[in-house]
Amino acid sequence: MSDDDQDLAAAQRQHWEHTYSAHPGMYGEDPSVPARHAARAFRAAGARDVLELGAGHGRDALHFAHEGFTVQATDFSPVGLEQLQQAARARGVSERVTTAVHDVREPLPLPGNSVDAVFAHMLLCMALSTREIHTLVGEIRRVLRPGGTLVYTVRHTGDAHYGTGTAHGDDVFEHGGFAVHFFPRHLVDSLADDWSLTEVHAFEEGDLPRRLWRVTQTLPH
């Protein structure tokens, strides 16, 4: 990682910590639409345990737990994960949810072939380089069991914010303190090499609106 990349990563971690502290439960209690889709896809695939990357304060992790999955939730924000733990206790699902502070630029803290499914809502399009994104998907592949499913969402180059704001190179642009790596379609396709790419679903979210892809891909058995 270059010095510039390290500085951006540190600034983003600090920004998210401040954001979660200033706005507890900032995304509300209802799960995201992609998480609802993922729960159905994971159940159809026979998954029992889910790893969520970039879980934040946990609205989607809690949904997976309510749906009967065992959930391992990671985020680089201790504040967000503390809010998740409190909510899991309040909702009576704490026995199904474990948390770990983790930066996805580092290897995932799990053994190989140890989870059935992985979910990441707008985590892959954070301030990560293309190389770091490929390395992360390689780590996801390592920890998934054969036949495992990955569902992730990313903002793409058709988004209104693409190409505007503060440019950091490698299709990363910053608005309001949040840096986003906007995905071209060829990056989605390259991340699915040696996987089965089940779906690339375009949708919109939020007031801009943000334009995203929901990607579902599975490993061979």
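Keep in mind that what you see is a predicted model, and the values were worked out from it rather than measured.

Quick look at the side chain of S114 now. Its place among the elements puts S114 in the loop between β3 (97-101) and β4 (115-121). Here the side chain of S114 touches P111 through a polar contact of 2.7 Å, landing on its backbone oxygen. Ignoring any residue separated from it by four or fewer positions in sequence, one finds S114 in contact with D49, V143 and R145.

Take the packing of aromatic side chains next. A complete count under the given rule lists seven aromatic pairs for this structure. With a centroid separation of 5.7 Å and an interplanar angle of 65 degrees, the aromatic rings of Y162 and F182 are classed as edge-to-face. In this pair, Y162 is assigned in the loop between β5 (144-155) and β6 (166-169) and F182 in the loop between β8 (178-181) and α6 (185-191), connecting sequence segments 20 residues apart. Since its relative accessible area comes to 30%, Y162 is described here as partly exposed. Among the residues examined, F182 registers a relative accessible area of 0% and is labelled buried. By the ring-pair criterion, three or more aromatic residues cluster together here, those being F42, F64, F69 and F119.

Nonpolar side chains tend to gather and get buried jointly when the protein is soluble and globular. Core analysis: the largest hydrophobic core is formed by 35 residues, its most contacted members being L53, L124, L136, I140, Y152 and F183. The set of elements that each furnish at least two residues to this core consists of β1 (49-53), β4, α5 (130-143), β5, α6 and β10 (210-218). L53 has contacts with T74, L108, V118, F119, A120, H121, L123, L136 and I140, leaving out every residue within four places of it along the chain. With 22 residues, the next largest nonpolar core counts F42, F64, L81 and L84 among its residues.

A few words now on the pattern of salt bridges. Pairs may arise between side chains of opposite charge once their charged atoms sit close together. A full pass over the atoms with the stated rule returns 12 salt bridges. For the salt bridge of D159 with R155, the shortest nitrogen-to-oxygen distance reads 2.9 Å. Here D159 matches R155 in class, with each residue buried. One salt-bridge network, in which partners are shared between bridges, spans R48, D49, D116 and R145.

Quick look at α5 now. The end-to-end C-alpha separation of α5 is 20 Å, in line with the 20 Å expected for 14 residues at 1.5 Å each. Restricting attention to buried positions, one finds in α5 the residues E132, I133, L136, V137, E139, I140 and V143. Along the axis of α5, the buried residues cluster in a sector spanning 155 degrees; they form a single face. Contacts from the buried residues of α5 go to β1, β4, β5, β8, α6 and β10.

Quick look at the sheet that holds β8 now. What the three strands build is an open sheet, ordered β6-β7-β8; its pairing is antiparallel. Two strands in the sheet have a free side with no partner beyond their single neighbour: β6 and β8. This sheet shows a mean twist of 25 degrees between the axes of neighbouring strands, independent of strand direction. Across three bridges, β6 lies against strand β7 (residues 172-175) in antiparallel orientation. What sits directly across from T166, in β7, is E174.

Cut-offs applied
- Residues numbered from 1 in each chain as written.
- Predicted model: local features only at pLDDT ≥ 70, side-chain atom pairs only at ≥ 80, totals over all residues.
- Heavy atoms only, no water.
- Helix = DSSP H or I, 4+ residues; strand = E, 2+ residues; numbered from the N terminus.
- Polar contact = N/O pair within 3.5 Å; in protein donor to acceptor, adjacent residues only side chain to side chain.
- Contact = heavy atoms within 4.5 Å.
- Phe/Tyr/Trp six-rings, centres within 6.5 Å; stacked < 30°, edge-to-face > 60°.
- Buried < 20%, exposed > 50% of the residue type's maximum accessible area, 1.4 Å probe, protein only.
- Core = buried A, V, L, I, M, F, W, Y, C linked by side-chain atoms within 4.5 Å.
- Salt bridge = Lys/Arg side-chain N within 4 Å of Asp/Glu carboxyl O.
- Expected span 1.5 Å × (residues − 1).
- Arc of directions from axis to C-beta.
- Pairing = 2+ DSSP bridges.
- Axes fitted to C-alpha atoms, helices over the stretch in contact; angles between N-to-C directions.

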